[in-house]
Amino acid sequence: MLQHLRKHLIRIYTIIAGIILTVVFIITALFLNYQNSRSQYEQFTNHVFMIQNKLQNDNIISDSWLSNLEVTNHLIIWINDNGNPLFFPGMFVSKTSRSVLMDKMSALIEKEGISLSSRPVSADSIQSDIYIIKGDHRDKYYGTAMSIATNGGYRSFFLFQQIDTNSKDMFKQRITLVLINILGIFALFLLIRKLVDRSLQPVKENQQRQTQFIAAASHELRSPLAVIRTNNSLHKENLNEYENCERIIETECKRMSRLINDLLLLASGDANTWSLQKSEVNTDTLLLDSYESTISLAKKKEIRIILKLPDESLPTIEGDYERLLQILTILIDNAISYSEIGSSIELSAKIEKKTLSLYVIDHGIGILDEDKKRVFERFYRVEKSRKDKSHFGLGLSIAKELVTLHHGTIKIVDTIGGGSTFVVTLPRQS
């Protein structure tokens, strides 16, 4: 069965891997295109700054400097000095003529309300937005215009940079992308094998837990049945042992009944058929009833239960009163099992902004960190409680299920000075 599941998972993960690879390929391509565009945009802004600095600080602008700048960076530069165009024919030959580009740029800055025919008044310079201008031959250009105040008046310029979509860098990026794709296919092949193994591992563990659960339940049910059968046989052989045998049989029947009820409760939780009879629950009454229902058991084991209530009334909560009482009873009963003779257990509450926390604090042997992770598992019991036949290792599992049904949380923390503290946090109503 697992082999069939393994093949099925390989097919599923192969499809997923193909989708992931396609998405990665597309994202990478888009990212590289964005990076290329961003790099050209940053180059353009650097050229704007460089030309602005040159026009502000240098009186003479040489043709050789402009020629070299245009040819090297695919630029189109037009400069106006105090309203007089700088005579420079331009060295970079663009697909779309310079005059067409400048006409398009002039129309754009006119919409912005920017004038290049006068000296900037409110600032040292005024610059238009940076536009992407479409040429006449599917070519594109970054374009901007600027007017700069100088000691001798003002200078203005148009600047265009051709957006290169077929550069050597793009070719290198595409080669890199192909290599990434090949490596990605190989990496995903390895990933699929690991994912299949990891996917099967929880199934194996679940089967083991299910087997252990059935074995543990069978063992727990077998023990009281064995005692009942033994005492029944003893009773038949020796009528004088009737009362003692009857008492033992009654005790074991009750014990088995509790186990069956617990199993049925957990089965209801698994099937999502666990219903709650919700109503407004008075928290003070809940704590008092929990205290009174467990105090006699604590006294038998010479353990004190201390109930600490705040001066003000606790807020009400919405929930199933009997189930909430069951939660606290389980936690107090668990605390009694782990407490030493003469120790104490504290039952208290704390009001938070939107929640109410209930505390069951013991000063017993405590719970190790590795056990804290598992105490809410079914039939899990730490070493000391295994000797206690009144516990099956289901109480904390039931408590957690009930807390979850009330949209709350339950956790374990160490008690200062030794012991364990169970904290149940529930949403408050008022």
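Before any of the text, the structure's been laid out above.
The following paragraphs examine the structure supplied in this document. (Residues numbered from 1 in each chain as written. Predicted model: local features only at pLDDT ≥ 70, side-chain atom pairs only at ≥ 80, totals over all residues. Heavy atoms only, no water.)

### What about the environment of tyrosine 131?
By the element assignment, tyrosine 131 lies in strand E4 (residues 131-134). C-alpha of tyrosine 131 to C-alpha of threonine 144: the two residues are 13 residues apart in sequence and 6.4 Å apart in space. Of the polar contacts made by the side chain of tyrosine 131, one reaches the side chain of glutamate 112; its length is 2.4 Å. (Helix = DSSP H or I, 4+ residues; strand = E, 2+ residues; numbered from the N terminus. Polar contact = N/O pair within 3.5 Å; in protein donor to acceptor, adjacent residues only side chain to side chain.)

### Observations regarding the packing of aromatic side chains
Tallied over the entire structure, the rule returns five aromatic pairs. Pairing tyrosine 41 with tyrosine 142 gives two aromatic rings, centres 5.6 Å apart and planes at 75°, and the pair type is edge-to-face. Residue tyrosine 41 is found in helix H1 (residues 2-57), and its partner tyrosine 142 is found in strand E5 (residues 140-150); the two are separated by 101 residues along the sequence. You can call tyrosine 142 buried: its relative accessible area is 7%. On the numbers, 6.4 Å between centres and 85° between planes, the contact of phenylalanine 376 with phenylalanine 422 is edge-to-face. You can see phenylalanine 376 sitting in the loop between helix H8 (369-372) and helix H9 (395-405) and its partner phenylalanine 422 sitting in strand E13 (residues 420-427), a full 46 residues away along the chain. The same class applies to phenylalanine 376 and to phenylalanine 422, which are both buried. Grouping aromatic residues by their ring pairs yields a cluster made of Tyr41, Phe44 and Tyr142. The ring centre of tryptophan 65 lies 5.1 Å from the NZ or CZ of lysine 54, which sits over that ring. (Phe/Tyr/Trp six-rings, centres within 6.5 Å; stacked < 30°, edge-to-face > 60°. Buried < 20%, exposed > 50% of the residue type's maximum accessible area, 1.4 Å probe, protein only. Lys NZ or Arg CZ within 6 Å of the ring centre and 35° of its normal.)

### Quick notes on the packing of helix H7 (residues 321-338) against H9
Interhelical geometry of H7 versus H9 gives an angle of 145° and a closest axis separation of 9 Å. H9 is crossed by H7, and the crossing has left-handed handedness. Every residue of H9 that contacts H7 at Arg323, Gln326, Ile327, Ile330, Leu331 and Asn334 is listed here: Gly395, Leu396, Ile398, Ala399, Leu402 and Val403. Tallied by class, the residues present in the contact of H7 with H9 amount to eight nonpolar, three polar and one charged. (Axes fitted to C-alpha atoms, helices over the stretch in contact; angles between N-to-C directions. Left-handed = near helix turned anticlockwise from the far one by under 90°. Contact = heavy atoms within 4.5 Å. Nonpolar A, V, L, I, M, F, W, Y, C, P; charged D, E, K, R; others polar.)

### Examining the pattern of salt bridges
Following the criterion strictly, the structure yields nine salt bridges and no others. For aspartate 414, the salt bridge identified is with lysine 372, shortest N-O distance 2.5 Å. With a gap of 42 residues between them, aspartate 414 in strand E12 (residues 409-414) and lysine 372 in helix H8 connect regions that are remote in the sequence. For lysine 372, a relative accessible area of 18% corresponds to the buried category. (Salt bridge = Lys/Arg side-chain N within 4 Å of Asp/Glu carboxyl O.)

### Comments concerning the nonpolar core
If you look at the biggest cluster of nonpolar residues, it comprises 36 residues, and the most contacted ones within it are Ile327, Leu331, Leu358, Val360, Phe422 and Val424. Counting residues per element, the ones that place at least two in this core are helix H6 (283-300), H7, strand E10 (344-351), strand E11 (355-362), H9, E12 and E13. Discounting residues that sit within four places of it in the chain, leucine 331 has contacts with Val360, Leu396, Ile410, Phe422 and Val424. In terms of nonpolar packing, the next biggest core, distinct from the first, is built from 17 residues, Leu69, Ile79, Tyr142 and Ile148 among them. (Core = buried A, V, L, I, M, F, W, Y, C linked by side-chain atoms within 4.5 Å.)

### Things to note about the packing of H6 against H7
Between H6 and H7, whose axes approach to 9 Å, the crossing angle comes to 40°. By the angle between their directions, the pair H6 and H7 is classed as oblique. Handedness of the crossing formed by H6 with H7: right-handed. Of the residues in H7, those in contact with Thr285, Leu286, Leu287, Asp289, Ser290, Ser293, Thr294, Leu297 and Ala298 of H6 are Tyr321, Leu324, Leu325, Leu328, Thr329, Ile332, Asp333 and Ile336. Considering only residue class, the contact of H6 with H7 consists of ten nonpolar, five polar and two charged. (Parallel < 35°, antiparallel > 145°, perpendicular 65-115°, else oblique.)

### What to know about the environment of threonine 329
Take threonine 329: it is sitting in helix H7. For threonine 329, a relative accessible area of 26% corresponds to the partly exposed category. Sequence spacing of threonine 329 and serine 293 is 36 residues, and the spatial spacing of their C-alpha atoms is 7.6 Å. When neighbours within four sequence positions are excluded, threonine 329 is seen to be in contact with Ser293 and Thr294. A distance of 2.7 Å separates the side chain of threonine 329 from the backbone oxygen of leucine 325, its partner in a polar contact.

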